[in-house]
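Chain by chain, the residues run as shown.
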Amino acid sequence: MKPTVTIEYCPKCGWLLRAAWMAQELLTTFSEDLYGVTIHPAEVAGRYSITLGDEVLWDRKREGRFPEPKEVKQLIRDRIDPERSLGHSDR
């Protein structure tokens, strides 16, 4: 079964557009590899996290910043198809 990516964002912080943009980037790159990308508002203020299945790939508070799409794409690729080239995202 293909994995699902979940993006949890803080609605009070206005991060819905950031989450939607990231979802678009991931679905464009991994259209054949992911079941889908779920976006949902966090119940905890200030949260922005990205998970693949049960694994937290990125947590804004833990990392101290937001991820670049390139970073998230590499993290996902490394887990679902490590041999795959991401083209310009690998540079």
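Predicted model only: the values in this text are computed from it and were never measured.

To continue, consider the sheet that holds strand β1 (residues 4–9). Within a sheet, neighbouring strands are paired by backbone hydrogen bonds and run either parallel or antiparallel to one another. Read across the sheet, four strands follow the order β2-β1-β3-β4 without closing on themselves; strand pairing throughout is mixed. Edge positions in the sheet fall to β2 (36–41) and β4 (55–59), since each of these pairs with one other strand and no more. Adjacent strand axes in the sheet meet at a mean angle of 20 degrees when their direction is disregarded. Against the sheet, helix α3 (residues 69–80) contacts β1, β3 (48–52) and β4, and its axis sits at roughly 165 degrees relative to β4.

All right, on to the pattern of salt bridges then. Applying the stated criterion to the full structure yields seven salt bridges. Its salt-bridge partner being E71, residue R65 comes within 2.5 Å of it at the nearest N-O pair. Classification of R65 by relative accessible area gives partly exposed; the value is 38%. Residue classification places E71 among the partly exposed positions, given a relative accessible area of 22%. For D78, the salt bridge goes to R77, with nearest N and O atoms at 2.8 Å.

Right, let's get into the packing of aromatic side chains. Think of a pair of aromatic rings as described by two things: how far the centres are apart, and how the planes are tilted against each other in angle. Inspection of the entire model under this criterion finds three aromatic pairs. For the ring pair Y48 and F66, a centre distance of 5.1 Å and an interplane angle of 75 degrees mean the geometry is edge-to-face. Of this pair, Y48 sits in strand β3 while F66 sits in the loop between α2 (60–63) and α3; the two residues are 18 residues apart in sequence, bridging distant segments of the chain. The class of Y48 is buried, set by a relative accessible area of 1%. Positioned above the aromatic ring of F66 is the side chain of R60, whose terminal nitrogen or guanidinium carbon lies 5.8 Å from the ring centre.

Moving on to the side chain of T51. Tracing the chain through its elements places T51 in strand β3. Those residues in contact with T51 that sit more than four places away from it in its chain are T4, V5, T6, V56 and L57.

Turning our eyes to something else, we now look at the nonpolar core. The biggest cluster of nonpolar side chains holds 20 residues, and the ones touching the most others in it are V5, I7, L26, Y48 and I50. Of all the elements in the fold, those that place two or more residues in this core are β1, α1 (16–29), β3, β4 and α3. By residue number, the principal contributor to this core is α1, which donates four residues. When neighbours within four sequence positions are excluded, I7 is seen to be in contact with A19, M22, A23, V37, T38, I39, H40, Y48, S49 and I50.

Of all five residues in β3, five are buried; the element is thus mostly enclosed. Judged by which residues are buried, β3 turns out to be covered on both faces: Y48, I50 and L52 on one side and S49 and T51 on the other are all buried. Both β1 and β3 contribute to a ladder of five bridges, which runs antiparallel. Bridge pairing in β3 links T6 to T51.

Cut-offs and rules
Residues numbered from 1 in each chain as written. Predicted model: local features only at pLDDT ≥ 70, side-chain atom pairs only at ≥ 80, totals over all residues. Heavy atoms only, no water. Pairing = 2+ DSSP bridges. Helix = DSSP H or I, 4+ residues; strand = E, 2+ residues; numbered from the N terminus. Axes fitted to C-alpha atoms, helices over the stretch in contact; angles between N-to-C directions. Contact = heavy atoms within 4.5 Å. Salt bridge = Lys/Arg side-chain N within 4 Å of Asp/Glu carboxyl O. Buried < 20%, exposed > 50% of the residue type's maximum accessible area, 1.4 Å probe, protein only. Phe/Tyr/Trp six-rings, centres within 6.5 Å; stacked < 30°, edge-to-face > 60°. Lys NZ or Arg CZ within 6 Å of the ring centre and 35° of its normal. Core = buried A, V, L, I, M, F, W, Y, C linked by side-chain atoms within 4.5 Å.

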